[in-house]
Amino acid sequence: MTSALQLPYELWLRVFSFLSWKDKLSMRCTCSHFKRLMDESRPVWRGFSVVLKDLSRYNRAFWRSLARRQLTSVSLRAGKKRDLKLLSVWLPLLEALRLDNWRGNDVQELKRFHLLNRLTLTACSTPLVNLEFLLPLSHQLTQLSLCNVQLTCPGSQLLASISQLTRLGSLLLHHDGSLAIPTLRGVLSQLVNLRFLSWTMINYKRLSQDFFRPETGAAGGASLSLSDLQLLNYDAAVTQEVLQPLANLRSLSVFHLYSVPGPTCHLQTWLTSLQQLCSLSVHGGHPLVVYADFLPSSLLSLTLCVDLQPEDLHVVSLRAPNLQHLHLEPWSSSSNLVRLLPQLFPCLKTLAIRHHHVSDEDFLGLHQLQHLNTLEILDSFYRPDPNDPSLVVYKPSSRLLQLISDLQKLTNHKVRVITTSHRDALTCACI
């Protein structure tokens, strides 16, 4: 160990750069030399985010340790006004802050963070009276996420506050339908840098003609800079004229309101109007067969969490022959789908599938995908007792581990395999 300590610190920092966050924290605890070396090197902790709760339990040594790392990202759970004051004193360089289950009706202390540019508020325990706390950050924020936050202010006041965040490039607003916002026209006109928008659509039955049209646009409207759009709880009628300002859109995600859809498939109109889409994600709604013929040929990435049949994938392969990224979570079994993928989508680079009910032969047949570099298994869990279906072990079964090993041998270990479970997916969705 003595000879190891004599190595140049630049060499050790290079070694540390290859470690995961968990391994970095473990290495830091091995000796005082590594602890000091890592704490005093900001590059080692670049991108590191810490989760804090009940700040009264942390002592000054803990805060000094975080301060030396010059952290720029923190997630605060069940925080209060005084917690923000403490954070601003010890971590003045914060650029990203996430407030989960905030315990207060305002967040005025955010003005203390002069470098903050990414803000997330989720599941506040008390309603927010207004969004005036955003005004001191109007020239700083580039990302704003409000998820499951109760707002007592009217929709017009909400939009007025958001419209002043002129540097905003990403906006997420998810609510329970209590906000009445008839159109996005005003806010989209002010947020000229906005590229990503995720919006709750539960209140809309039909989108007005000017829903997306900027106020400065003439009839027919100028195109927005928006490139990535997510629609949550969607079931609204729409016309091609409404969608004209979205000519620059490259990514569309639709989370349908109903698993049993109505008679009209509104997604057909979206796909007809957005022929330059590169990425499409569909959750719920009509079966794939209803809109498969409308898929644009420009698609490179496709996520399908819908009802689909093997013959539907044949249509998809004809409509989107250059597909490189595919995520399949059909409502029915995947047993008859996986075997088709190497022939239908030979250009795939990433693939996400469920493996239950898929035969070993079909699973290992994925080695025929010559360009595949990442495979994600979405159901990496098993039930050890056939007589007790409620008992679930959330880790890969021995069968799955053997299949992964065999597949990697067939591909000369060029395919990275990621194992996740339904519980992991729920956690990610909440995050």
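Residues numbered from 1 in each chain as written. Predicted model: local features only at pLDDT ≥ 70, side-chain atom pairs only at ≥ 80, totals over all residues. Heavy atoms only, no water.

Draft legend 1. Local environment of the environment of T126. With respect to the element layout, T126 can be found in the loop between β4 (118-122) and β5 (143-147). A sequence separation of 100 residues divides T126 from L226, and the C-alpha atoms of the two residues are 32 Å apart. Those residues in contact with T126 that lie beyond four places of it in its chain are W102, R103, G104 and N105. (Helix = DSSP H or I, 4+ residues; strand = E, 2+ residues; numbered from the N terminus. Contact = heavy atoms within 4.5 Å.)

Draft legend 2. Highlighting the nonpolar core. In this structure, L87, L207, F212, L252 and W270 are the most contacted members of the largest nonpolar core, which totals 122 residues. Broken down by element, the residue count for this core peaks at 4 residues, all from helix α13 (residues 398-410). When residues no more than four places from it in sequence are discounted, the contact partners of F212 are L184, L188, L207, L224, L229, V242, L243, P245, L246 and W270. (Core = buried A, V, L, I, M, F, W, Y, C linked by side-chain atoms within 4.5 Å. Buried < 20%, exposed > 50% of the residue type's maximum accessible area, 1.4 Å probe, protein only.)

Draft legend 3. Representation of the pattern of salt bridges. Under the definition given, this model contains 6 salt bridges. The salt bridge partner of D362 is R339, with a shortest N-O separation of 3.0 Å. With a gap of 23 residues between them, D362 in helix α12 (residues 360-364) and R339 in the loop between β12 (325-328) and α11 (341-344) connect regions that are remote in the sequence. Its salt-bridge partner being D360, residue R399 comes within 2.8 Å of it at the nearest N-O pair. Of this pair, R399 sits in helix α13 while D360 sits in helix α12, placing them 39 residues apart in sequence. R399 gets classed as partly exposed once you look at its relative accessible area, which sits at 32%. The exposure class of D360 is partly exposed, given its relative accessible area of 39%. Beyond isolated ion pairs, a larger network of salt bridges with shared partners links K81, E109 and R112. (Salt bridge = Lys/Arg side-chain N within 4 Å of Asp/Glu carboxyl O.)

Draft legend 4. Just α13, in detail. The end-to-end C-alpha distance of α13 is 18 Å, a good match for the 18 Å that 13 residues give at a rise of 1.5 Å each. Among the residues of α13, L400, L403, I404 and L407 are the ones counted as buried. The arc that holds the buried residues of α13, viewed along the axis, is 100°, so those residues lie on one side. Seen from the open side of α13, the exposed residues pointing more than 90 degrees away from its buried face are S398 and K409. Packing partners of the buried residues in α13 comprise α12, β14 (374-377) and β15 (416-419). Among the residues trailing α13, N412 stands out with phi positive, at a value near 60°. (Expected span 1.5 Å × (residues − 1). Arc of directions from axis to C-beta.)

Draft legend 5. Just a positive patch on the surface, in detail. A grouping of K53, R57, R77, K80, R82 and R103 is seen on the molecular surface, where their side chains present a positively charged patch. Turning to its location among the elements, R103 is positioned in the loop between β3 (96-100) and β4. (Patch = residues over 30% accessible without salt bridge, like charges linked within 9 Å, V, L, I, M, F, W, Y side chains within 5 Å. Areas by Shrake-Rupley, 256 points an atom, 1.4 Å probe, with all protein chains shown as cover. Lys, Arg positive; Asp, Glu negative; His and termini not counted. Charge placed at Lys NZ, Arg CZ, Asp CG, Glu CD.)

Draft legend 6. Up close: the packing of aromatic side chains. Counted by the stated rule, this structure contains 9 aromatic pairs. Summarising the aromatic geometry, the rings of W63 and W90 are spaced 6.5 Å apart at their centres and angled 15° between planes, so their arrangement reads as stacked. With a gap of 27 residues between them, W63 in helix α5 (residues 60-69) and W90 in helix α6 (residues 81-90) connect regions that are remote in the sequence. You'll find W63 and W90 in the same group, each marked buried. The interplanar angle of 80° and the centroid separation of 4.9 Å between the aromatic rings of F211 and F212 together place this pair among those described as edge-to-face. (Phe/Tyr/Trp six-rings, centres within 6.5 Å; stacked < 30°, edge-to-face > 60°.)

Draft legend 7. Structural view of a nonpolar patch on the surface. A cluster of nonpolar side chains, contributed by L7, L11 and V15, occupies part of the molecular surface with about 220 Å² of accessible area. Look at V15 and you get partly exposed, because its relative accessible area is 37%.

Draft legend 8. Seen up close, the state of the cysteines. Under the defined criterion, the tally for this structure stands at 0 disulfides. The thiol of C278 is unpaired, and the distance to the nearest cysteine sulfur, on C347, comes to 15 Å. (Disulfide = S-S within 2.5 Å.)

Draft legend 9. Layout of the confidence of the model for the chain. When pLDDT is averaged across the chain, the result is 88; 94% of the residues are at 70 or more. Between the elements of the chain, mean pLDDT differs from a low of 40, seen in helix α14 (residues 422-430), to a high of 98, seen in β12. The model gives residues 217-221 a pLDDT under 50, and that stretch makes 5 contacts with residues more than four places away or in other chains. In this model residues 423-431 is a low-confidence stretch, pLDDT under 50, and it forms 3 contacts with partners more than four residues away in sequence or in other chains. (pLDDT = per-residue confidence, 0-100.)

Draft legend 10. The arrangement of the side chain of H266 in detail. Within the element layout of this structure, H266 appears in the loop between β9 (251-256) and α9 (267-273). Not counting chain neighbours up to four residues away, the residues in contact with H266 comprise Y234, D235, A236, A237 and V238.

Draft legend 11. Representation of the packing of helix α3 (residues 21-28) against helix α4 (residues 32-39) within the structure. Direction vectors running N to C along α3 and α4 enclose 130°, while the axes themselves pass 8 Å from each other. It follows that α3 is oblique to α4 by the angle criterion. Residues K24, M27 and R28 of α3 lie in contact with α4, whose contacting residues are F34, K35, M38 and D39. Grouping the amino acids of the contact of α3 with α4 by side-chain chemistry returns 3 nonpolar, no polar and 4 charged. (Axes fitted to C-alpha atoms, helices over the stretch in contact; angles between N-to-C directions. Parallel < 35°, antiparallel > 145°, perpendicular 65-115°, else oblique. Nonpolar A, V, L, I, M, F, W, Y, C, P; charged D, E, K, R; others polar.)

Draft legend 12. Molecular detail of unusual backbone geometry. Even without glycine at this site, D54 takes up a positive phi of about 55°. Even without being a glycine, Q70 presents a positive backbone phi close to 55°. By secondary structure assignment, the location of Q70 is in the loop between α5 and β2 (73-77). Residue Q70 is classed as partly exposed on the basis of its relative accessible area of 33%.

Draft legend 13. Geometry of the side chain of T200. Looking at where T200 falls in the secondary structure, it is placed in strand β7 (residues 196-200). A polar side-chain atom of T200 sits 3.1 Å from the main-chain amide nitrogen of H175. In contact with T200, other than residues within four places in its own chain, are L173, H174, H175, L232 and N233. (Polar contact = N/O pair within 3.5 Å; in protein donor to acceptor, adjacent residues only side chain to side chain.)

Draft legend 14. Representation of the pairing of β15. Note: β14 against β15, 4 bridges, orientation parallel. Among the inter-strand pairings, I377 is bridged to a residue of β15, identified as T419. The parallel pair β14 and β15, bridged by α13, forms a crossover whose chirality is right-handed. (Pairing = 2+ DSSP bridges. Right-handed = clockwise from strand over helix to strand, strands pointing away.)

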